[in-house]
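# Coordinates in review
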Amino acid sequence: MKFSELDGKRIALWGIGRETNAFLTQLAQRLPDATLSGTIDDSTHPDVARALLDDADVLVRSPGVSLYKPLIQQAVEAGTTVTTPTGLWLAERGGEHVIGVTGTKGKSTTATVIAHLLGQVMPVELAGNIGRPVIELLDMDAGVEGGSQKTWVVCELSSYQIADLTVGPEVAVMTNLSREHTDWHGSEQQYRADKLRIFELPGTRVAVMPPEAGWPVLFGPEQIPLRGAHNARNVTAAITAIEAAGLPLPPLPQALAGLTALPHRLQTVHTDAGGSEWIDDSISTTPESTIAALEAFADRAVVLIAGGSDRDQDYDRLGLTLAARTAATELILLPETGPAIAGAATSHGYAEDRMSTTGDMREATRLAVQLATPGSVVLLSPAAPSFNQYANFEQRGDDFAACAKSVALRS
C-alpha cells in the first residue's frame with residue numbers, strides 16, 4: 001500500500017516512536033480524509049486492541065512491534081493491511097532510485113559510506129533505520145517531471161522493516177547474515193527469511209550480496225579511516241553497491257577521507273593519563289560483532305567489557321577467539337550473559353583468573369582502570385543486547401563513556 005492510498009481509510013497505530021511520530025505528522029499535513037481510529041501499545045487491553053484492529057482498514061506499526069504478535073497475525077488473516085511508515089514510503093516511490101542496505105551488522109556504516117561517496121558526485125539523501133525516517137522524504141520529489149531524475153536515497157533497513165514490505169528498493173544490499181533478533185521473529189530461520197525476502201520484492205532490480213568467503217578488502221587499513229577488517233569489508237560492500245546501481249564513484253581511495261566512526265561503533269570516547277584508549281562498541285549485540293571488534297585490536301592488550309540481556313546466542317566462537325588471542329586480554333563480565341561468555345571462554349582454555357564478574361557499568365569501569373596497562377584498550381563490546389539494564393545500546397554506550405571519564409579522573 002502507498003502512503004497516498006491511506007486517504008479515506010481508518011488507521012490503527014501500534015507503537016509510538018520516531019518513525020510513527022513522523023508518520024502522524026505527514027498524515028495530518030497531507031491526508032485530511034484519513035481517520036486515526038486509535039493507538040495501541042503494550043499496555044492496551046487485548047480486547048480493546050482487538051476492537052481497534054477490527055475497526056481499522058490499515059494497521060501502521062512501529063518497526064519495533066513484532067509482526068508476529070498473535071493479534072497482528074489475526075488482523076493479517078482477517079484481511080487488514082499491516083505496514084510501516086517505511087513500507088508506505090517505498091511503495092509510494094515504487095522503490096525507484098533507492099539503495100536499501102540491510103544485514104545483521106554493518107548496515108549503518110555501509111549506508112553511511114555509500115552516502116559519503118555518492119554525495120561527492122551527486123545529490124543524495126541518507127535515511128531509514130539509521131536516523132531520519134524516510135517518510136519525511138515524501139516532499140523530496142515534488143515537482144519532478146517525467147524526464148527528470150529523482151534524487152537517490154540510501155535507506156538503512158532493519159529486519160523489522162523488511163518483514164512486511166510490499167515493494168523493495170531498486171538496489172538491495174546485504175552486508176552479512178548471522179543469528180539475531182530471534183525474540184522478535186520467533187526463530188533464527190524466520191529472521192533469515194525476513195531478511196532475505198528483500199531480494200524477492202517487486203521493485204528490487206539489483207541484489208548485492210557478499211561472495212561465499214565474505215567481502216574482500218579492497219584497500220589497506222592505512223587507506224580507510226575506520227578501524228577493523230570488518231569496516232574494510234563494509235567499504236567494499238558500499239563501493240560494490242554504487243557500481244551495481246550504475247552510479248559514478250569519486251576518486252578512490254582519496255574519497256574515503258573524512259569518514260569517522262559512527263557513535264557506539266568502535267568509537268574512541270576517552271584516552272586516559274596512562275595512554276589507554278576507551279572504545280565504545282555498544283552496538284555490538286552479537287558474538288560475531290565482538291569477535292570483529294577484538295580483531296581490530298589484534299596486537300594490543302585489551303580489557304573487554306561484555307555481557308547483556310540474554311537472546312539465546314551461541315558464544316562458543318567468541319570463547320575460542322578470547323582463548324586464542326596472543327595479546328594480553330582481561331575479561332570483565334556484566335549480567336545476564338556474563339556467565340555464558342565465561343563458560344565458553346574457559347571451555348577453550350581461557351584462564352579463569354583473567355576474568356571478573358561485575359554488577360553494572362560503573363563497577364566494570366572502575367575495575368577496568370585497575371586492569372588497563374599503558375597503551376592498552378578498554379573495549380565495551382557486549383556481544384548482547386542492552387535491555388536488561390538500559391533502554392537501548394545508545395544509552396549503554398553513553399553510560400560507558402561517562403563512567404570512563406569519571407573513574408579515570410579519580411584514579
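The present account deals with the structure reproduced in this document.

Thresholds applied
Residues numbered from 1 in each chain as written. Predicted model: local features only at pLDDT ≥ 70, side-chain atom pairs only at ≥ 80, totals over all residues. Heavy atoms only, no water. Helix = DSSP H or I, 4+ residues; strand = E, 2+ residues; numbered from the N terminus. Rg over C-alpha atoms; globule rule 2.2 N^0.38 Å. Buried < 20%, exposed > 50% of the residue type's maximum accessible area, 1.4 Å probe, protein only. Contact = heavy atoms within 4.5 Å. Pairing = 2+ DSSP bridges. Axes fitted to C-alpha atoms, helices over the stretch in contact; angles between N-to-C directions. 1 Å grid on protein atoms, 1.4 Å probe; cavity = no way out; pocket = protein on both sides within 12 Å on 5 of 7 lines; lining within 4 Å. Points joined across faces, edges and corners; volume = space filled by probe spheres on them. Nonpolar A, V, L, I, M, F, W, Y, C, P; charged D, E, K, R; others polar. Arc of directions from axis to C-beta. Salt bridge = Lys/Arg side-chain N within 4 Å of Asp/Glu carboxyl O. Right-handed = clockwise from strand over helix to strand, strands pointing away.

The number of helices and strands found in the protein is 14 helices and 15 strands. Relative to the 2.2 N^0.38 estimate, which gives 22 Å for 411 residues, the radius of gyration of the protein is 23 Å and therefore close to what a compact globule would have. Within the span of the protein, comprising 411 residues, buried residues form 54% of the whole. Residue pairs at least 24 apart in sequence account for 76% of intrachain contacts in the protein once pairs closer than 6 positions are excluded.

Strand order in this open sheet of four strands is S2-S1-S3-S4, and the pairing throughout is parallel. In this open sheet, the two strands that pair with only one neighbour each are strand S2 (35–40) and strand S4 (81–83). Here the strands of the sheet are splayed against their neighbours by 20° on average, with no regard to which way each runs. Contacting strand S1 (10–14), S2 and strand S3 (58–61), helix H1 (residues 18–30) runs over the sheet at an angle of about 160° to S1.

Here we take up empty space enclosed by the protein. One water molecule sets the probe size; rolling that probe over the atoms shows where empty space is left. Taken as a whole, this structure holds one cavity of 30 Å³ or more when the rule is applied. Volume-wise, the largest cavity comes out at about 40 Å³. Split by residue class, the lining of the largest cavity holds five nonpolar, five polar and one charged.

This brings us to helix H8 (residues 188–196). All buried positions along H8 are accounted for by Tyr-191, Asp-194 and Lys-195. The buried side chains of H8 occupy one side of the element, clustering within an arc of 100° when seen end-on. Against strand S5 (98–102), helix H5 (107–118), helix H6 (159–162), strand S8 (171–174) and helix H7 (182–185) lie the buried residues of H8.

What follows concerns helix H11 (residues 316–324). Turning to H11, its buried residues number three or more, namely Leu-318, Gly-319, Thr-321 and Leu-322. Mapping the buried residues of H11 onto a view down its axis gives an arc of 160°, with all of them on the same face. Opposite the packed face of H11, turned more than 90 degrees from it, sit the exposed residues Arg-317 and Ala-324. In this structure, the buried residues of H11 make contact with helix H10 (287–295), strand S12 (302–306), strand S13 (329–333) and helix H12 (338–347).

It is worth spelling out unusual backbone geometry at this point. What is expected of a backbone is that most residues other than glycine have negative phi and most peptide bonds are trans. With omega at 0°, the peptide bond leading from Leu-252 into Pro-253 counts as cis. Relative to the helices and strands, Pro-253 resides in the loop between helix H9 (229–244) and strand S10 (267–271). Omega for the bond connecting Pro-335 with Glu-336 falls within 30 degrees of zero, at -5°, which places this linkage in the cis form. Look at His-181: it is not a glycine, yet its phi comes out positive at around 55°. When you line up the elements, His-181 lands in the loop between S8 and H7. A relative accessible area of 19% means that His-181 is categorised as buried. For Asp-312, which is not a glycine, the phi torsion comes out positive at approximately 55°. By relative accessible area, Asp-312 is classed as exposed at 54%.

Here we take up the pattern of salt bridges. With the rule as written, the count across this model stands at 17 salt bridges. Note that Asp-139 and Arg-30 form a salt bridge whose closest N and O atoms lie 2.7 Å from each other. Note that Asp-139 is positioned in the loop between strand S6 (124–128) and strand S7 (152–156) and Arg-30 in helix H1, a separation of 109 residues in sequence. When its relative accessible area of 29% is taken as the criterion, Arg-30 is described as partly exposed. Two residues, Glu-170 and Arg-205, come together in a salt bridge whose shortest N-O distance is 3.0 Å. In this pair, Glu-170 sits in the loop between H6 and S8 while Arg-205 sits in the loop between H8 and strand S9 (206–208), placing the two residues 35 residues apart along the sequence. Linked by salt bridges that have partners in common, Arg-179, Glu-188, Arg-192 and Asp-312 make up one network.

Here we come to the pairing of S13. Among the five residues in S13, four count as buried, and that is most of the element. In this structure, S12 lies alongside S13, joined through five bridges in parallel fashion. Its bridge partner being in S13, Ile-305 is matched across the sheet by Ile-332. A crossover links S12 with its parallel partner S13, the connecting element being H11, and its sense is right-handed. Looking at chain direction, S13 and strand S14 (residues 355–357) are connected through three bridges and run parallel. Looking across to S14, one finds that Leu-333 is bridged to Thr-357. Between the parallel elements S13 and S14, the chain passes through H12 in a crossover that is right-handed.

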